[in-house]
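Chain by chain, the residues run as shown.
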Amino acid sequence: MAGVVFVDEQGGPEARRDLLARFLTDPDGDVFALTGLPEVVKGAVFARYSRSPSGVKDLLLDEFAEDLHDGVAERADALYERVFGDYGDDSVAQLGGAHVALEGISNVATKRIEWGRLAAYLEQSTRYIAYDRRVDGRYRYHREATIMAGPHAQRYEEVLDHLFDTYAASLPVVTAWVRERFPRDEATSERAWQAATRAKGLDLLRGLLPAATTANVGMFASGQAFESLLLRLSADPLAESRALGERLLRELRKVIPSFVARVDRPDRGHVWRDYLAATREDTRALAARHVIGPARPPDAPVALVDWWPRDPVDAEVALVTAALLPHVALPEEQLAEQVRTWPAEQRAEVLRAYVGERVNRRHRPGRAFERVVYRFDVLGDYGGFRDLQRHRMCTIEWQQLTTEHGYDTPPELVEAGVADAWHEAIGRAAALHRELVVDHPEEAQYAVPFAFRIRYSVQINARAAMQMLELRSTPQGHPQYRSIVQSMHRAIAEVAGHTAVAEAMVHVDHGSGDLERLESERALDRKRSADH
């Protein structure tokens, strides 16, 4: 680091403090942030924490001060090698991270990226960004090399171009219909009305977009999370994923090299990669051999297939026991025995206190609600799945995207007069998928529009369900996923019989939205007015 003044062992207190002030937000306090240091150095300092009686200040001064220059990363790299080699302490890789941008990747790939729990993601939204223009003469969708090198290349581009052409031609028509259907009132600004009606038009038409549609993803993760992601990508059957992993590894080596050093080592990363690929392919082969189809038509798009505890009283006992446990000195088993003997109203009293008055959906009770678990089987359109898949406190597993489950058509498109064009474009895409799946069973997913249904399983505890169901049922949410989470909420109460859990989710909205984004845009106007 250019300009750093180094301090030898004879440096006085003021000189030592000056050095600390360059790298700590409060050199005199006991709570401070590290700043102006490479991520690998921050991680290296904390790596010494667990095996040194010294604090960060002494570690920086005694072990790193003379090396706080351009070669500091080499010293930190060497420390990481010792920590990993001597102790196998993988948790060290949680102590540093990086921000990365992954741009122009398909919507199939974004789901691979966002599978990891221990990371933060922001993705370009098809609800707010129109895909009606070509960039350098081409629409924004992924052209998979294996498809483009074969006999389906021309037809692939023709069909996907037609999807985008239909989307682009329909957007002004549908937006005009929305604005006629929902005229601006005096309480709504022109800006808010324009934004809300435009979002409604984009919502109605996003089902035309194929899974190949490209997006940008911003991501922050620890070194450990990046290592896990890179291993998954390297074992993925899609060439796009594997190439993306290679590019990501190259860039991460420029900022956090020590954290990803094991990814492509033959004795580490390659072994892990081969393990992931082998278990996937072996399981897939057995599924093809043993599982008999076809699938039965579902009774409903959302089915609660399992839950625990099965008995509603057992669920209440589990919740109340967990709520009381931090406040007593009894063993859990003894406490649960007492709670089970209480009358229902006594248990309800505890739950009312534990849940409290939830003024807004961000007021959520504690981890006692994690004792109760649900598993749902969902068959919904790919567009809605993309939004629900990002809830990382769930365990979500999904099947391959296909056209065999049919697709959803918003009824508003019939009224707007674009339904015929919609069905014609989606029909072409379905025919292309049937052709591609013979030669490219994985890559055929790129041709499937968002409107087609995908089957996925959601396993979630009651506390995480409270967050997801309340967030995704808000009036500004997309109608497709709103209906899914509303059905989940009803199933918790009516199928599982867990009325206490369902009643605690007071901010689940069962209304039907018309102009979904309008209230959010009005709220933005109010905020801007208050700020000025």
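Conventions adopted
- Residues numbered from 1 in each chain as written.
- Predicted model: local features only at pLDDT ≥ 70, side-chain atom pairs only at ≥ 80, totals over all residues.
- Heavy atoms only, no water.
- Helix = DSSP H or I, 4+ residues; strand = E, 2+ residues; numbered from the N terminus.
- Pairing = 2+ DSSP bridges.
- Axes fitted to C-alpha atoms, helices over the stretch in contact; angles between N-to-C directions.
- Contact = heavy atoms within 4.5 Å.
- Parallel < 35°, antiparallel > 145°, perpendicular 65-115°, else oblique.
- Left-handed = near helix turned anticlockwise from the far one by under 90°.
- Core = buried A, V, L, I, M, F, W, Y, C linked by side-chain atoms within 4.5 Å.
- Buried < 20%, exposed > 50% of the residue type's maximum accessible area, 1.4 Å probe, protein only.
- Expected span 1.5 Å × (residues − 1).
- Phe/Tyr/Trp six-rings, centres within 6.5 Å; stacked < 30°, edge-to-face > 60°.
- Lys NZ or Arg CZ within 6 Å of the ring centre and 35° of its normal.

**Examining unusual backbone geometry**
With the exception of glycine, most residues fall at negative phi, and the peptide bonds are largely trans. Residues G293 and P294 are joined by a peptide bond in cis, for which omega reads -5°. Within the secondary structure, P294 sits in the loop between α11 (269-290) and β4 (302-308). That bond from W308 to P309 is cis: its omega, -5°, falls within 30 degrees of zero. At D136, a position not held by glycine, the phi torsion is positive, near 55°.

**So, the sheet that holds strand β6 (residues 395-398)**
Pairing in this open sheet of 4 strands is antiparallel, and the strands run β4-β5-β7-β6 from one edge to the other. Bordering the open sheet on either side are β4 and β6, each of which pairs with just one other strand. Taking the axes of each pair of neighbouring strands and ignoring which way they run, one obtains an average angle of 15° across the sheet. In this sheet, strand β7 (residues 453-461) lies alongside β6 in antiparallel orientation, the contact comprising 4 bridges. Bridging from a neighbouring strand, I396 pairs with V458 of β7. On top of the sheet, helix α19 (residues 479-494) reaches β4, β5 (373-381) and β7; it is set at about 150° to β5, its chief contact.

**Looking at the packing of helix α18 (residues 462-472) against α19**
In the contact formed by α18 and α19, the axes pass within 8 Å of each other and the chain directions differ by 135°. The angle between α18 and α19 falls in the class oblique. Handedness of the α18/α19 crossing: left-handed. Two secondary-structure elements touch here, α18 through M468, L469 and R472 and α19 through Y481, R482, V485, M488, H489 and I492.

**Digging into the nonpolar core**
Ranked by internal contacts, the top residues of the largest apolar core, which has 96 residues, are Y156, Y374, F376, Y456, V458, L469 and M488. A total of 10 residues in this core trace back to one element, the largest contributor, which is helix α7 (residues 153-181). Discounting chain neighbours no more than four positions away, the residues touching Y456 are F376, D377, V378, G380, F385, L388, I396, E397, W398 and I484. Counting 40 residues, the second-largest nonpolar core is a separate cluster that includes V56, L60, A109 and M219.

**Overview of α19**
For α19, built from 16 residues, the straight-helix expectation of 22 Å at 1.5 Å per residue is met to within 8% by its first-to-last C-alpha distance of 22 Å. Along α19, the residues that are buried comprise Q480, Y481, R482, I484, V485, Q486, M488, H489, A491 and I492. Contact partners of the buried residues in α19: β4, β5, α15 (382-388), β7, α18 and α20 (499-504).

**Some thoughts on the environment of A429**
For A429, the position within the fold is in helix α17 (residues 419-439). In this structure, the C-alpha to C-alpha distance between A429 and V135, residues 294 residues apart in sequence, is 22 Å.

**Considering the sheet that holds strand β2 (residues 119-123)**
The 3 strands are arranged β1-β3-β2 in an open sheet whose pairing can be described as antiparallel. The open sheet has two edge strands with one neighbour each: β1 (97-106) and β2. Adjacent strand axes in the sheet meet at a mean angle of 20° when their direction is disregarded. For β1 and strand β3 (residues 214-222), the ladder comprises 8 bridges, and the chain directions are antiparallel. For A98, the partnering residue across the bridge sits in β3 and is A221.

**Focus on the packing of aromatic side chains**
With the rule as written, the count across this model stands at 10 aromatic pairs. Across from the ring centre of Y131, 4.3 Å away, lies the NZ or CZ of R140, which sits over that ring. Over the face of the ring belonging to Y141 we find R143, whose NZ or CZ atom lies 3.8 Å from the ring centre.

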